[in-house]
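Residues per chain, in single letters:
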Amino acid sequence: MATVFIPSSKASSASSFSVHQPTSLPRLTPFSETTMEESVDHAHAIITKWDTKSPASLFQENRKEGREFLKRVKDLRSAMHFFLTQKWASGNLVLAQQLMQIAMKRLEKEFFQILSANRGRLDPDSVKSRLSWRSSSSEDDLASDDDDDDDDEINVAGESIAQVERVSALAMYDLKAIADCMIGCGYGKECVKIYNIIRKSIVDEGLYRIGIERKSSSSSQISKLSLQDLSHKIKHWVGAATIAVKTLFNGERILCDHVFSASDSITKSSFTEITKEGAKNLFRFPELVARTKKASPEKIFCFLDLHEAISNLLPEIESIFSFESESAVRLQVSSSLLKLSEAVTATLSEFESAVQKNSSKTLVTGGGIHPLTESSMNYISSLADYDGALSEILGDRPVPAQSPFPESYFDSPKSMDNPPSAVAVRLAWLILVLLCRLDGKAELYKDISLSYLFLANNLHFVLEKVRTTKLLYILGEDWIFKHEKKVKQYSANYEVMGWSKVFSSLPDSDSYSPAMSPEDVKEWFMRFNIAFEEAYRKQTSWVVQDGKLRDEMKVSIAKKLVPAYGEFYEKHIGMLRGERNLEVLLRFSPDDLGNHLSDLFHGISISGSSTSSSSSSSSQSRAGPHETIHRK
């Protein structure tokens, strides 16, 4: 990079000084003419020694003399203020002005050299630690005019600080000292121009290194990315944004505040010039993602990842970009959050609509778990992992006022003392929409008992998903309790509809009579055999995937059936001794009955059995693995 110097066209006259004099002059104290002339002489000696033709670096060669240079420039400035008040001193003023111009060019060169030489050391990542070292050693100590050599000055930080830390911290002090001097002498614009050029290139390079392109992709380009590629790009952006905010921009703000602490207005304008373009470009990406067309329900997790990342960084963003001149950056961040929130709420509505409109008539063989149940609950449980972001997005937004479902269906978590959060209500509503859609699919089974088994299976799956994910903490135990009761009710309904014919094929124990004839006994056994075999053959092909629920349902049936049959069997078997084809009448012993019941709900058809639905629909296979909530 070529050395940047600002050419000066200042005339060597008293009037030219007013162009570069500070906005507020220090209060003057009486000085004798001799003292002022001595100040000019001392300044002349050191300024001409270190004019711009000197190839060496003043602050790198001899920092003690560098401090002396700055002191003499400040004294020269005071002398110029004095000469302005004296009509006789025009010649002295001209000389002082010429010396001031030479000194400023030298300081411009020094400022540029220090920035360039410490480009790697003054990276934003380490600026904060440099300042912590500086704060442990006061600027008065660093800038003292005593005769201590450079080693004494560096050693104030302690031997525990590495040499690179010392050099960098001293560079920061030198930059501030030069900036203070140039600003005080009315040459702040020249100083700031050099600083902005170099530091902006460092920030832009830092953003490029972490993968932030100078020109953002368009929404149309992002829309063409696959979900996997988009997720990867977002993951990279989240990491890059964290580094940019916590390290790059934060460090740059700290350095800018430090170097230009003499002027708030310069600090604001300089930091804005250096970071505004890069920051706006960085925070524009989430908005572009939110604006992508044809968003699938799965894309909501991309929106939530971005929203969560920005929300986590928001306090630091607002602190770093607090200047009014940086309002465009804050506005871009707010816009991105708003568009992401809108994208999330729109996607939730699309998901809800997709579940409601899922019109697949494919029956799940054996009343098992419907693909819609599995995909929807996987989706909703994943949403629960973003409860923080969803809470910010949903706020107090209510569930749609006009519900297509009866009021009795809406069973979201409610408590007078602890009302549910917006997230709890919204997720409970989505589950409700799913359950209502499953009610409609249960009606497709022509066997009523199988439809209840289907509902018990699917609601139990929903409950287990809630229990084993973050949904449990969002919906609460009360929600679990209410829906457990529904599972039990569905199971009981299945049992009544599926086994009532078997139960009624046995006489009540109260109707047993010693006078019951062998023919009556044979009739009862034949009725039972027919009813049990029909139920058994049909229901062995039915499915209860959850082992615990499967065992509970078998035990419930066995408790009602086996003892009743066993009692009838033991009481009347003696009447049939000597009967021909006894094995036809007594097909099942009580133990056989229990063994047969253990075969239920494994989805294994028995040869010659009935189908699961007594209609042509029951011959259709289980819905394919690719059936999703989007299937219409």
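Conventions we followed
Residues numbered from 1 in each chain as written. Predicted model: local features only at pLDDT ≥ 70, side-chain atom pairs only at ≥ 80, totals over all residues. Heavy atoms only, no water. Helix = DSSP H or I, 4+ residues; strand = E, 2+ residues; numbered from the N terminus. Buried < 20%, exposed > 50% of the residue type's maximum accessible area, 1.4 Å probe, protein only. Contact = heavy atoms within 4.5 Å. Areas by Shrake-Rupley, 256 points an atom, 1.4 Å probe, with all protein chains shown as cover. Expected span 1.5 Å × (residues − 1). Salt bridge = Lys/Arg side-chain N within 4 Å of Asp/Glu carboxyl O. Phe/Tyr/Trp six-rings, centres within 6.5 Å; stacked < 30°, edge-to-face > 60°. Patch = residues over 30% accessible without salt bridge, like charges linked within 9 Å, V, L, I, M, F, W, Y side chains within 5 Å. 1 Å grid on protein atoms, 1.4 Å probe; cavity = no way out; pocket = protein on both sides within 12 Å on 5 of 7 lines; lining within 4 Å. Points joined across faces, edges and corners; volume = space filled by probe spheres on them. Nonpolar A, V, L, I, M, F, W, Y, C, P; charged D, E, K, R; others polar.

Trainee: Would you mind showing me how to read the overall build of the protein here?
Mentor: Of the regular secondary structure elements, the protein holds 25 helices and zero strands. The buried share of the protein, taken over its 632 residues, is 49%. The contacts of the protein with a sequence gap of at least 6 include a subset with a gap of at least 24, amounting to 84%. A total accessible area of about 30200 Å² is found for the protein, and carbon and sulfur atoms account for 51% of it.

Trainee: I'm lost on helix α21 (residues 477–503) in this one. Help?
Mentor: Helical periodicity: at 3.6 residues per turn, an α-helix aligns residues three or four positions apart in one direction. Helix length check: α21 (27 residues) gives 36 Å between terminal C-alpha atoms against 39 Å at 1.5 Å per residue, within 8%. Considered for burial, the residues of α21 that qualify are Trp 479, Ile 480, His 483, Val 487, Tyr 490, Ser 491, Tyr 494, Glu 495, Gly 498, Trp 499 and Val 502. For α21, the elements touching its buried residues are α18 (422–442), α19 (448–467), α20 (471–475), α22 (518–539), α23 (547–572) and α25 (590–597).

Trainee: Can you help me understand the pattern of salt bridges in this one?
Mentor: Oppositely charged side chains can form a pair if their charged atoms are brought close together. Per the stated rule, a full pass over the model turns up 23 salt bridges. Linking Arg 119 and Glu 205 is a salt bridge whose minimum nitrogen-to-oxygen distance equals 3.3 Å. Residue Arg 119 is found in the loop between α5 (90–117) and α6 (124–136), and its partner Glu 205 is found in helix α10 (residues 188–209); the two are separated by 86 residues along the sequence. You can call Arg 119 partly exposed: its relative accessible area is 28%. The residue Glu 316 makes a salt bridge to Lys 246 at a minimum N-O spacing of 2.9 Å. With Glu 316 in helix α14 (residues 300–320) and Lys 246 in helix α12 (residues 227–259), this residue pair connects regions lying 70 residues apart in the sequence. The exposure class assigned to Glu 316 is partly exposed, which follows from its relative accessible area of 28%. Judged by its relative accessible area of 41%, Lys 246 falls in the partly exposed class. Among the charged side chains, a network of salt bridges with common partners joins Arg 119, Glu 205 and Arg 209.

Trainee: When you look at the packing of aromatic side chains in this model, what are you seeing that I'm missing?
Mentor: The description of two aromatic rings rests on the distance between their centres and on the angle between their planes. Applying the stated criterion across every chain, the model contains 21 aromatic pairs. Ring centres 4.8 Å apart and planes at 80 degrees place the aromatic pair Tyr 195 and Phe 260 in the edge-to-face group. In this pair, Tyr 195 sits in helix α10 while Phe 260 sits in the loop between α12 and α13 (264–290), placing the two residues 65 residues apart along the sequence. A residue is classified by how much of its surface remains accessible, and Tyr 195, at 0% relative accessible area, is buried. Centre to centre, the rings of Phe 301 and Tyr 386 are 6.0 Å apart; their planes meet at 35 degrees, and the pair counts as tilted. With a gap of 85 residues between them, Phe 301 in helix α14 and Tyr 386 in the loop between α16 (371–384) and α17 (387–394) connect regions that are remote in the sequence. With respect to class, Phe 301 is no different from Tyr 386; both count as buried.

Trainee: Even after reading the chapter, I still don't get unusual backbone geometry, so can you show me in this structure?
Mentor: Leaving glycine aside, a negative phi is the common case for residues, and trans is the common case for peptide bonds. Even without glycine at this site, Phe 601 takes up a positive phi of about 70 degrees. Here Phe 601 is to be found in the segment after α25. Residue Phe 601 is classed as buried on the basis of its relative accessible area of 1%.

Trainee: Hey, could you run me through a nonpolar patch on the surface in this one?
Mentor: Residues Ile 448, Val 496 and Met 497 make up a contiguous nonpolar surface patch of roughly 270 Å² in combined accessible area. One can find Ile 448 in helix α19.

Trainee: Just checking my understanding: could you explain the layout of surface pockets for this structure?
Mentor: A water-sized probe rolled over the atoms picks out the places where empty space is left. Volume-wise, the largest pocket comes out at about 360 Å³. Those elements giving two or more residues to the lining of the largest pocket turn out to be α19, α21 and α23. Taken together, the residues of the lining of the largest pocket break down into five nonpolar, three polar and nine charged.

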